[in-house]
Amino acid sequence: MQTSWRAAPPSTVGISLEAHISQQMEMSPGATGHFTSLLYQIALAAKLVDAQVRQAGLADVLGYTGDVNVQGERVQKLDTMANDTFITVIQRGQRACAIGSEELEDPILLPGGGRYAVAMDPLDGSSNIDCNISIGTIFGIYRRKSDPSVPGTLDDLLQPGTSLRAAGYLIYGSSTMLVYSTGPKFGVHGFTLDPNIGEFFLSHENIKVPQRGSTYSVNEGNTARWDEATRAWVEYLKQEDKETKRPYGARYVGSLVADAHRTLVKGGIFAYPADRKSPQGKLRLLYEANPMAFIFEAAGGRATSGKERILDIAPHQLHQRTPLIIGSPDDVATFERFAQEGGPVAETRAEPA
Ligand code: AHG
Ligand code: MN
Ligand code: MN
């Protein structure tokens, strides 16, 4: 009996992360596979961190190490474990020339000709670790600028978000997801980890941010420290007005990856604006704001500091901070109308014209 192999019909069912990355590589003329293997390494490190996060309560990885990091924040064991895991795997993979991490004051500069620089927040949402709320990892990948015959340099990391080659995040939540993009041309794709076989499978193909949402996500505990425009913006969202579908719902997890992912998938707006305590904003440009801004713009959303497009900000310091407002185009535009108008608030402010 004649048997003939018929290629499976093109389907997105069961597309693994590896197969997806390889397909994207096929679509990139001149690809050498270096970038592809760097993404594989990040996915491997993520699986190792996921295994630790899943058993955090049992494997004595909760709690503090007693150290304080460059941000002046008490370091949790999972922060250290995640940082060490990503650095070890990426170094061994020899595709990176420089690694900038939230947990390290100075970047790791590597010899060996790696072509990429990686900026990362190895464990985002640390304050939520010991209450079992979603946490994550955020990363951005730049092509190096320095000559490959020498070790990487800090300048390989101090590039604006417009130079990002790729960006993504992990959420260690009810399920573990990896979301990444190599730019607007390729879109934003989400992969869910099947814990039974330790493989990420495509679960959210070509994520697009809705034009407008119905929730706002901001820490209102900072209200007393905000400027008038920010306060007016939040008051506006809370007013009752059928025509403009207000009030918006309030959602705030306190882990950027969780608040950003919900906003990416459902629309609306996330904001960590500047305030009197954090005049430059709290979130870090290189490994929180830029990767998220890259993802949101690739999914049709927007990302601003209130004054300028996040991706245009020229970095001058590894750990510099920025206000971060990301979300649906219409909702970010509303924030900007308040931020650019500024000034004292009229009693019952309608939206600025
Ligand atoms: P990290 O744990 O990496 O330091 O990040 C925490 C950040 C971010 O995840 C979150 O959006 C923000 O801190 C929450 O800050 P507040 O607790 O001040 O709202
Ligand atoms: Mn963070
Ligand atoms: Mn962190």
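Structure: see above.
About the cut-offs
- Per chain, residues are indexed from 1 in the order of the written sequence.
- Each chain takes a letter, starting from A, and each ligand takes a number, starting from 1, following the order in which they are written.
- With the structure being a predicted model, the display of local features is reserved for residues of pLDDT at least 70 and the display and counting of side-chain atom pairs for 80 or more, all residues being used for whole-chain, interface and lining totals.
- Excluding hydrogens and water, the side-chain figures rest on all heavy atoms present in the structure.
- As a rule, N, O and S atoms within 2.8 Å of a metal are its donors, except that Na, K and Ca use 3.2 Å; water is not among the atoms, so sites may look incomplete.
- Think of it in three bands: residues with accessible area under 20% of the maximum for their type are buried, residues over 50% are exposed, and the middle band is partly exposed, with areas taken using a 1.4 Å probe on protein chains only.
- Throughout, the term near means that a residue has one or more heavy atoms lying within 4 Å of the molecule or strand in question.
- Here a polar contact is recorded for every N or O atom pair within 3.5 Å, except that within protein the pair must consist of a potential hydrogen donor and a potential acceptor, and residues adjacent in sequence are included only if both atoms are side-chain atoms.
- Areas reported as accessible are Shrake-Rupley estimates using a 1.4 Å probe. Residue values count occlusion only from the protein chains shown.
- The numbering of helices and of strands both runs from the N terminus, where a helix is a DSSP run of H or I of at least 4 residues and a strand a run of E of at least 2.
- A domain assignment, automatic or from a database, supplies the domain bounds used here.
- One bridge is not enough; two strands pair if DSSP finds at least two bridges between them.
- Like charges are joined within 9 Å and nonpolar side chains (Val, Leu, Ile, Met, Phe, Trp, Tyr) within 5 Å, but only among residues with over 30% relative accessible area and no salt bridge; these make up the patches.
- Definition used for salt bridges: Asp or Glu carboxyl oxygen within 4 Å of a side-chain nitrogen of Lys or Arg.
- We score Asp and Glu as negative and Lys and Arg as positive, and we do not count His or the chain ends.
- By convention, the charge on Lys lies at NZ, on Arg at CZ, on Asp at CG and on Glu at CD.
- Contact definition: two residues touch when any of their heavy atoms are within 4.5 Å.

### A short note on the coordination of the manganese ion (ligand 2)
Protein coordination at the manganese ion (ligand 2): the donors are Asp121 (OD), Asp124 (OD) and Glu288 (OE), at 1.9 to 2.1 Å from the metal. Of note, the donors binding the manganese ion (ligand 2) are all from one chain and are spaced D-x2-D-x163-E. The distance between the manganese ion (ligand 2) and the manganese ion (ligand 3) comes to 3.7 Å, and Asp121 binds to both of them. When its relative accessible area of 1% is taken as the criterion, Asp121 is described as buried.

### Topic: the site of ligand 1
Surrounding ligand 1, one finds 18 residues, the nearest of these being Asp124, Gly125, Ser126, Tyr252 and Tyr272. Here an oxygen atom of ligand 1 sits 2.9 Å away from a polar atom, N or O, in the side chain of Asn219. Residue Lys282 places a side-chain N or O atom 2.9 Å away from an oxygen atom belonging to ligand 1. Within the complex, the protein chains bury 87% of what would otherwise be the 470 Å² of accessible surface of ligand 1. Elements with a contribution of two residues or more to the shell around ligand 1: strand S5 (116–124) and strand S13 (269–272). Examining the composition of the shell around ligand 1, we find that three residues originate from one element, S5, more than from any other. Each of domain 1 (17–204) and domain 2 (215–341) accounts for three or more of the residues forming the shell around ligand 1.

### Some words on the pairing of strand S7 (residues 164–172)
Counting buried residues in S7 gives eight out of nine residues, a clear majority hidden from the surface. The pairing of strand S6 (residues 135–143) with S7 spans eight bridges and is antiparallel. Along S7, the bridge assignment pairs Ile135 with Tyr172. Pairing of S7 with strand S8 (residues 176–181) involves six bridges; the strand directions are antiparallel. Paired with Gly168 across the bridge in S8 is Tyr180. As consecutive antiparallel partners, S7 and S8 are separated by three residues.

### Looking at the coordination of the manganese ion (ligand 3)
Coordination of the manganese ion (ligand 3) by the protein involves Glu102 (OE), Asp121 (OD) and Leu123 (O), with metal-donor separations of 2.0 to 2.2 Å. Between the donor residues of the manganese ion (ligand 3), the gaps in sequence give the motif E-x18-D-x1-L.

### Remarks on the sheet that holds strand S12 (residues 249–250)
Spatially, the five strands line up as an open sheet ordered S12-S11-S13-S15-S14, and their pairing is mixed. Two strands close off the open sheet at either side, each with one partner strand: S12 and strand S14 (302–304). Across four bridges, S13 lies against strand S15 (residues 324–327) in antiparallel orientation. Residue Ile269 lies in a different strand from S15, and its bridge partner there is Gly327.

### Section: a positive patch on the surface
Taken together, the side chains of Arg225, Arg276, Lys277 and Lys282 define a basic patch exposed on the protein surface. Its place among the elements puts Lys277 in the loop between S13 and helix H6 (285–298). Residue Lys277 is classed as exposed on the basis of its relative accessible area, which comes to 63%.

### Description of the environment of Gly125
The topology assignment puts Gly125 in the loop between S5 and S6. Apart from the residues within four sequence positions on either side, Gly125 is in contact with Ile135, Gly254 and Ser255.

### With respect to unusual backbone geometry
Arg246 connects to Pro247 through a cis peptide bond whose omega is 10°. By secondary structure assignment, the location of Pro247 is in the loop between helix H4 (228–238) and S12. Its identity is not glycine, yet Gln94 carries a phi of approximately 55°, on the positive side. Summarising the element assignment, Gln94 is placed in the loop between helix H3 (77–93) and strand S3 (96–101). We note that Lys245 has phi near 50°; this positive angle belongs to a residue other than glycine. Position of Lys245 relative to the elements: it lies in the loop between H4 and S12.

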